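# Fold and contact review
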Amino acid sequence: MIPSSFEYFAPKSVPEALSLLAKYQEDVKVLAGGHSLLPQMKLRLATPKYVVDIGRIPGLAYIKEAHGKISIGALTTHYAMESSALLKQKCPLLSETAAAIGDVQVRNRGTIGGSLVHADPAADWPAAILALDGELKVIGKSGERTIKAQDFFVEMMTTAIQPTELLTEIRIPQLPARTGSTYLKMHQKASGFAIVGVAARVTLDAGQVCQEVGIGITGAASKAYRAKSVETELKGKKLDSAAIKQAAQKAADGIEALADLHASSEYRSHLSRVYTRSALEAALSRVK
Ligand SMILES: Cc1cc2nc3c(=O)[nH]c(=O)nc-3n(C[C@H](O)[C@H](O)[C@H](O)COP(=O)(O)OP(=O)(O)OC[C@H]3O[C@@H](n4cnc5c(N)ncnc54)[C@H](O)[C@@H]3O)c2cc1C
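Scoring rules and cut-offs
- Residues numbered from 1 in each chain as written.
- Predicted model: local features only at pLDDT ≥ 70, side-chain atom pairs only at ≥ 80, totals over all residues.
- Heavy atoms only, no water.
- Buried < 20%, exposed > 50% of the residue type's maximum accessible area, 1.4 Å probe, protein only.
- Helix = DSSP H or I, 4+ residues; strand = E, 2+ residues; numbered from the N terminus.
- Pairing = 2+ DSSP bridges.
- Arc of directions from axis to C-beta.
- Contact = heavy atoms within 4.5 Å.
- Polar contact = N/O pair within 3.5 Å; in protein donor to acceptor, adjacent residues only side chain to side chain.
- Salt bridge = Lys/Arg side-chain N within 4 Å of Asp/Glu carboxyl O.
- Axes fitted to C-alpha atoms, helices over the stretch in contact; angles between N-to-C directions.
- Domains from an automatic or database assignment.
- Buried area = accessible area lost by both parts, 1.4 Å probe.
- Nonpolar A, V, L, I, M, F, W, Y, C, P; charged D, E, K, R; others polar.
- Near = heavy atom within 4 Å.
- Areas by Shrake-Rupley, 256 points an atom, 1.4 Å probe, with all protein chains shown as cover.

## Describing the pairing of strand S10 (residues 166–173)
Along any regular strand the residues' side chains alternate between the sheet's two faces. In terms of residue burial, S10 counts as a mostly covered element, since seven of its eight residues are buried. For strand S5 (residues 69–73) and S10, the ladder comprises five bridges, and the chain directions are antiparallel. Following the sheet pairing, Lys 69 is matched in S10 by Pro 173.

Have a look at this one:
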């Protein structure tokens, strides 16, 4: 299919891009890696009159450590995340999640910023960013603001970002010692998208008592969510298989699980519980 016609802009700076977004408002779409937007345009699910390609703006693709946080530029590709030595050492959950996305072509073009703003309910990044308690920096004409990951995902393919704003950076708090993490998913065989995916992070004290825990679940509901009931059940408890098994039963509490040709809502709820248990056990085994 051929997209409907549009005017293309390739700004060279963030202010230039923001001026275009402010000028064209609801009629404009930002283009990053294009691996979600272009299929939507070809299917005419998106018919922007104006496309602002941010791919030529320098300085939006980086992974760095500063002020107790890891900062990631919105244009950083999935492959750059997967292969980053810094992430492998300091936040392996991010490199592991990146490696689980699509295939090598998708990982070479797709960006973390594009995936987060697209907010596909089966995308992998939202689970990891929620589990890690990340923050998203967005910039509009009137200035910048920071949105916590758990406030960013509003509904299926809807986030807290405005059409006149750009996501520029994702910030992840550095993980304390004695933390383990993992991302596990049952993937849809053709695309690699998650039928259900669970990212888990646990921090223990010297007596194996759970100090911090973050669990992000994608694929199960119309938006990725943080499994707060499971987290509350585990925090302050000595983590062992019995405690994990019991807490994981709450992984689908309060959600309306999705149903489609790949999985019924009952099966997705079941997978959420099973993958939460497995992800927590794997995270626990990686605490060091
Ligand atoms: C065959 C195939 C398999 C895939 N498999 C997976 C998978 O297994 N797991 C997975 O998670 N994803 C998968 N994807 C999606 C892939 O990860 C996309 O790259 C990603 O969802 C979108 O990133 P992008 O950079 O391509 O964004 P684009 O397609 O360019 O943009 C997506 C949306 O975000 C907006 N946008 C982009 N960047 C910004 C920004 N900085 N600020 C504001 N708005 C912005 C755009 O306007 C658009 O609405 C797959 C895609 C394909 C084609």
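## Some remarks on helix H1 (residues 14–24)
Of the positions making up H1, those classed as buried are Val 14, Ala 17, Leu 18, Leu 20, Leu 21 and Tyr 24. An end-on view of H1 places all buried positions within 160 degrees of arc, on one side of the element. Facing away from the buried side of H1 by more than 90 degrees, the exposed set consists of Pro 15 and Lys 23. Against strand S1 (7–9), strand S2 (28–31), strand S3 (50–53), strand S6 (135–140) and S10 lie the buried residues of H1. Near the N-terminus of H1, the side chain that reaches the backbone nitrogen of Glu 16, with its oxygen 3.2 Å away, is that of Ser 13. A positive phi of about 45 degrees marks Gln 25, the residue just after H1.

## Re the pattern of salt bridges
Here the structure, examined in full by the defined rule, presents 17 salt bridges. Glu 281 is paired through a salt bridge with Arg 277; the nearest N and O atoms lie 3.9 Å apart. Pair noted here: Glu 281 and Arg 277 are both in helix H12 (residues 265–285), with a separation of four residues, about one helical turn. For Glu 281, a relative accessible area of 30% puts it in the partly exposed group. A residue is classified by how much of its surface remains accessible, and Arg 277, at 32% relative accessible area, is partly exposed. Salt bridges sharing partners connect three or more residues here, namely Asp 133, Lys 148, Arg 226 and Glu 231.

## Brief notes about the sheet that holds S1
Remark on secondary structure: sheet strands pair via backbone hydrogen bonds, oriented parallel or antiparallel. Pairing is parallel in the open sheet, where three strands are placed in the order S1-S3-S2. Strand pairing shows two members of the sheet lacking a second neighbour, S1 and S2, which therefore form its edges. On average, each strand axis in the sheet is tilted by 25 degrees relative to the strand beside it, whichever way the strands run. Pairing analysis gives four bridges linking S2 to S3, with the strands arranged parallel. Counterpart to Val 28 in the pairing with S3 is Tyr 50.

## Regarding the side chain of His 78
Along the chain, His 78 falls in helix H3 (residues 78–83). Judged by its relative accessible area of 5%, His 78 falls in the buried class. Excluding residues that lie within four positions of it along the chain, His 78 makes contacts with Ala 98, Ile 101, Val 106, Arg 107, Gly 110, Thr 111, Ile 112, Ser 115 and Trp 125.

## With respect to helix H11 (residues 241–248)
Restricting attention to buried positions, one finds in H11 the residues Ala 243, Ile 244, Ala 247 and Ala 248. For H11, the angular spread of the buried residues around the axis is 125 degrees, confining them to a single face. Facing away from the buried side of H11 by more than 90 degrees, the exposed set consists of Ala 242 and Gln 246.

## Observations regarding the domain arrangement of the protein chain
We note that the domain assignment places domain 1 (7–56), domain 2 (63–173) and domain 3 (179–285) within the protein chain. The gap between the C-alpha centroids of domain 2 and domain 3 is 20 Å. On the domain 3 side, the residues contacting the 23 residues of domain 2 number 26 residues. Here domain 2 meets domain 3 over a buried area of about 1,800 Å², counting both sides, of which 57% is carbon and sulfur. A per-residue breakdown of the area domain 2 buries against domain 3 is headed by Pro 121, Leu 130 and Ala 131, which together make up 25% of the total. At the junction of domain 2 and domain 3, the tally comes to two salt bridges. The closest approach of N and O atoms between Asp 124 and Lys 185, which form a salt bridge, is 2.9 Å. Put simply, domain 2 and domain 3 have 14 residue pairs in polar contact (both at pLDDT 80 or more) between them. Listed by contribution, the elements that provide at least two residues to the side of domain 2 that touches domain 3 are helix H5 (92–99), helix H8 (125–131) and strand S8 (153–155). When residues in the side of domain 2 that touches domain 3 are grouped by element, the largest group, five residues, is from H8. Residues of the side of domain 2 that touches domain 3, tallied by class, amount to 15 nonpolar, three polar and five charged.

## Section: the site of the ligand
Within the structure, the ligand sits among 31 residues, and Val 30, Gly 34, Leu 37, Thr 111 and Asp 124 are positioned closest to it. Within the backbone of Ala 32, a nitrogen or oxygen atom sits 2.8 Å from an oxygen atom of the ligand. The separation between an oxygen atom of the ligand and a polar main-chain atom of Gly 102 is 2.9 Å. Its free accessible area being 970 Å², the ligand has 91% of it covered by the protein chains. For the shell around the ligand, the secondary-structure elements that each account for two or more residues are S2, helix H7 (112–118) and S10. With four residues, H7 is the largest single contributor of residues to the shell around the ligand.

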